[in-house]
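Each chain is listed here by its residues.
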Amino acid sequence: MSTSAASTLRTPSLKLSSLSSRTPLPSAFSVSFNDKRAPSRRYVIVACSGLPSKPTVLVAEKLGEAGLDLLKEFANVDCAYNLSPEELCTKISLCDALIVRSGTKVNREVFESSSGRLKVVGRAGVGIDNVDLSAATEFGCLVVNAPTANTVAAAEHGIALMAAMARNVAQADASIKAGKWQRNKYVGVSLVGKTLVVLGFGKVGSEVARRAKGLGMHVIAHDPYAAADRARAIGVELVSFEEALATADFISLHMPLTPATSKMLNDETFAKMKKGVRIINVARGGVIDEEALVRALDSGIVAQAALDVFTVEPPSKDSKLIQHENVTVTPHLGASTMEAQEGVAIEIAEAVVGALKGELAATAVNAPMVPAEVLTELKPYVILAEKLGRLAVQLATGGSGVKSVKVTYASSRAPDDLDTRLLRAMIIKGIIEPISSVFVNLVNADYTAKQRGLRIAEERIILDGSLENPLEFIQVQIANVESKFASAISDSGEIKVEGRVKDGVPHLTKVGSFEVDVSLEGSIILCRQVDQPGMIGKVGSVLGGENVNVSFMSVGRIAPRKQAVMAIGVDEQPSKETLQKIGDIPAIEEFVFLKL
């Protein structure tokens, strides 16, 4: 081609600036034009669009080859590791899915930078602390995780740490490598015949129990949710938290990090343990008060600890806990086996591909988009449903676990005019999330309940009345459990709570057989008392004296001068001392603090 012809070819141009990353183009396109100086000649340029016909998946952290192969069958895969936050935000606008592990922060800025193209985020593992769920939902992005593939690996690591700690393997290894031979110093303890307490009897905890029994250990467990029949099938007895602490020779932690489990092992709980107890933690670092553990180790209450997780990771090099001679540590290796890594890769790849195909995965951890008009009408009832679930599960106690829940909806609307799936999901969410690491939503609620042996029965009461409000009340009953607050037990023997929406605000209107009326905001104190003058003032004075603000107060009674239940809404969580002062009031027969 001559220079002049080449120059002519460069003159025409495509206005690509008018095309966005969302503009659909074929994998190749052509542009034709005539050379003005040679009208008989017509040139055709064929060019790649640069925009793939298949979805693009950005893999931001190392993923097993089996998972990558699955992804490549369906999508274009971009493996780009160790991206800075700025680089991630730059690349994300060209991606339909993102897969991360725990090291990449998927915050609101990432979702904003995607400009709506990002449809699914896959977390290769269980925890999703590094993903902003509210932002994901707001931008219509589904978040999925891989909760099952790590189970055996984590259980095996827990057993490995327990055995290594009991026989001083790490310390003896370091000693020999330092040129010493200290057989007398590193005399260990046997596992056979010892009592192992498993705190958190979920997938990993139950696998640890199976292996420990094979080592000849006596295994008991505490889990406020686990079913007794499932524990019995493994040969494990479910006990109260206090009994677990008092009888354990070894304690293995397998609960999620939630507000209820944060620093569960602290000065107070260590003081209840047998002297010489040994602690293993492959769950979450924050469930142990690390400063309190150092004190327990120094005092001899805790003989040894084996830790795979820490409150801050990596921990500081000069940490007293890390450097303690009676502590064995590993750098969060619970899921670090070749088999687990491949399993996680496959599990998350399948979930991401399914989501890109429009399928709703059972491992989804954020709520799907709900039609705006439905959500607007049901919003206060959704809040009410979740809070009733939270109240009910906090009232339950004992080691048998919550198995059977009955939900009653009272409405003037016909069944076809009221879809209760979202309400049921929120009740399940309220029951399960406070005592589990699972995130429950409309997608996975029924699946999650089934996996945990939780049976949800629904009943509708058709009322004669206005069709303006979708519901008159929601009632939640838990059968076959004991209660921390005896007055919450109805005449038929179940824990029962009932609520209504008043002026757009959820209210608790019944506890057991007692009528109350308290706004479900902040937290609640329930008191059963002898119905006599001055009780509201006495309790209010105690709370006021401790600078605890009371938002609502309501009293329901059987009959004048008989028994009554007082429901008190508080803005702040009262201290143990404040609650004890309430309990010390002579007319108060029982009380319970419930956090919403």
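Scoring rules and cut-offs
- Residues numbered from 1 in each chain as written.
- Predicted model: local features only at pLDDT ≥ 70, side-chain atom pairs only at ≥ 80, totals over all residues.
- Heavy atoms only, no water.
- Helix = DSSP H or I, 4+ residues; strand = E, 2+ residues; numbered from the N terminus.
- Buried < 20%, exposed > 50% of the residue type's maximum accessible area, 1.4 Å probe, protein only.
- Contact = heavy atoms within 4.5 Å.
- Areas by Shrake-Rupley, 256 points an atom, 1.4 Å probe, with all protein chains shown as cover.
- Salt bridge = Lys/Arg side-chain N within 4 Å of Asp/Glu carboxyl O.
- 1 Å grid on protein atoms, 1.4 Å probe; cavity = no way out; pocket = protein on both sides within 12 Å on 5 of 7 lines; lining within 4 Å.
- Points joined across faces, edges and corners; volume = space filled by probe spheres on them.
- Nonpolar A, V, L, I, M, F, W, Y, C, P; charged D, E, K, R; others polar.
- Core = buried A, V, L, I, M, F, W, Y, C linked by side-chain atoms within 4.5 Å.
- Phe/Tyr/Trp six-rings, centres within 6.5 Å; stacked < 30°, edge-to-face > 60°.
- Pairing = 2+ DSSP bridges.
- Axes fitted to C-alpha atoms, helices over the stretch in contact; angles between N-to-C directions.
- Patch = residues over 30% accessible without salt bridge, like charges linked within 9 Å, V, L, I, M, F, W, Y side chains within 5 Å.
- Lys, Arg positive; Asp, Glu negative; His and termini not counted.
- Charge placed at Lys NZ, Arg CZ, Asp CG, Glu CD.

Trainee: I'm lost on the overall build of the protein chain in this one. Help?
Mentor: Along the protein chain, the regular secondary structure elements total 19 helices and 26 strands. Out of the 596 residues in the protein chain, the part that is buried amounts to 48%. The contacts in the protein chain between residues at least 6 apart in sequence include a share of 65% that link residues at least 24 apart. When the accessible surface of the protein chain is totalled, it reaches about 28600 Å², and 52% of it is carbon and sulfur.

Trainee: Explain the pattern of salt bridges here, please?
Mentor: When the charged atoms of two side chains lie near each other, side chains of opposite charge can form a pair. Using the criterion set out here, one finds 21 salt bridges in the structure. Across the pair R528 and E589 runs a salt bridge whose closest N-O atoms are separated by 3.1 Å. Here R528 is found in strand β23 (residues 523-530), whereas its partner E589 is found in strand β26 (residues 588-595), with 61 residues between them in sequence. Look at R528 and you get buried, because its relative accessible area is 19%. By relative accessible area, which is 39% here, E589 ends up partly exposed. Here the salt bridges share partners, and the residues they tie into one network are E386, R390, K429 and E433.

Trainee: Even after reading the chapter, I still don't get empty space enclosed by the protein, so can you show me in this structure?
Mentor: Which parts of space are left empty comes out when a probe the size of a water molecule is rolled across the atoms. Following the criterion strictly, the structure yields 1 cavity of 30 Å³ or more and no others. Estimated volume of the largest cavity: approximately 30 Å³. Tallied by class, the residues present in the lining of the largest cavity amount to 6 nonpolar, 2 polar and 1 charged.

Trainee: Please explain the nonpolar core as it appears in this structure.
Mentor: Burial of nonpolar side chains together is a common tendency in soluble globular proteins. One finds L395, I474, L508 and L526 to be the most contacted residues of the largest nonpolar core, which totals 51 residues. With 10 residues, helix α15 (residues 372-395) is the single largest residue contributor to this core. Excluding residues that lie within four positions of it along the chain, L395 makes contacts with E482, S483, K484, F485, A488, I495, V497, L526, V592 and L594. Among the nonpolar cores identified, the runner-up in size contains 30 residues, and L253, V277, I322 and V327 belong to it.

Trainee: Would you mind going over the packing of aromatic side chains with me for this structure?
Mentor: Ring pairs (aromatic) are described by centroid distance and by the angle formed between their planes. Overall, the coordinates contain 1 aromatic pair when judged by the stated rule. Considering the side-chain rings of F111 and F139, the 6.5 Å spacing of their centres and the 20 degrees angle between planes classify their relative orientation as stacked. In this pair, F111 is assigned in helix α4 (residues 108-113) and F139 in the loop between α5 (133-138) and β7 (142-145), connecting sequence segments 28 residues apart. Using a relative accessible area of 1% as the deciding quantity, one classes F111 as buried. The exposure class assigned to F139 is partly exposed, which follows from its relative accessible area of 28%.

Trainee: Sorry, what's going on with the sheet that holds strand β24 (residues 550-557) here?
Mentor: Two strands in a sheet stick together by hydrogen bonds in their backbones, pointing the same way (parallel) or opposite ways (antiparallel). With respect to topology, 4 strands assemble into an open sheet ordered β24-β25-β23-β26, the strand pairing being antiparallel. A single partner strand is all that each edge strand has here, and the edge strands are β24 and β26. Taking each pair of neighbouring strands and ignoring which way they run, the sheet shows an average axis angle of 15 degrees. Strands β23, β24, β25 (563-570) and β26 of the sheet are contacted by helix α18 (residues 535-545), whose axis makes an angle of about 30 degrees with β25. Contacts from helix α19 (residues 576-583) reach β23 and β26 within the one sheet, and its direction differs from that of β26 by about 150 degrees.

Trainee: I keep staring at unusual backbone geometry and nothing clicks. Help me out?
Mentor: Glycine aside, residues mostly have negative phi, and peptide bonds are mostly found in the trans state. Note that the residue after E313, namely P314, is joined by a cis bond; omega there is -5 degrees. Even without glycine at this site, N82 takes up a positive phi of about 60 degrees. Secondary-structure assignment places N82 in the loop between β4 (76-79) and α3 (85-91). Relative accessible area serves as the criterion here: at 75%, N82 is assigned to the exposed category. Phi is positive for N480, close to 60 degrees, though the residue is something other than glycine. Tracing the backbone through its elements, the reader meets N480 in the loop between β18 (473-479) and β19 (482-483). The class of N480 is exposed, set by a relative accessible area of 66%.

Trainee: Help me out: how do you make sense of a negative patch on the surface in this one?
Mentor: On the surface, E65, D69, E73 and E342 cluster together into a patch of negative charge. With 3 residues, the top contributor of residues to the negative patch is helix α2 (residues 65-74). One can find E73 in helix α2. Taking the relative accessible area as the measure of exposure, E73 reaches 64% and is therefore exposed.

On their own, these measurements won't tell you what the molecule is for.
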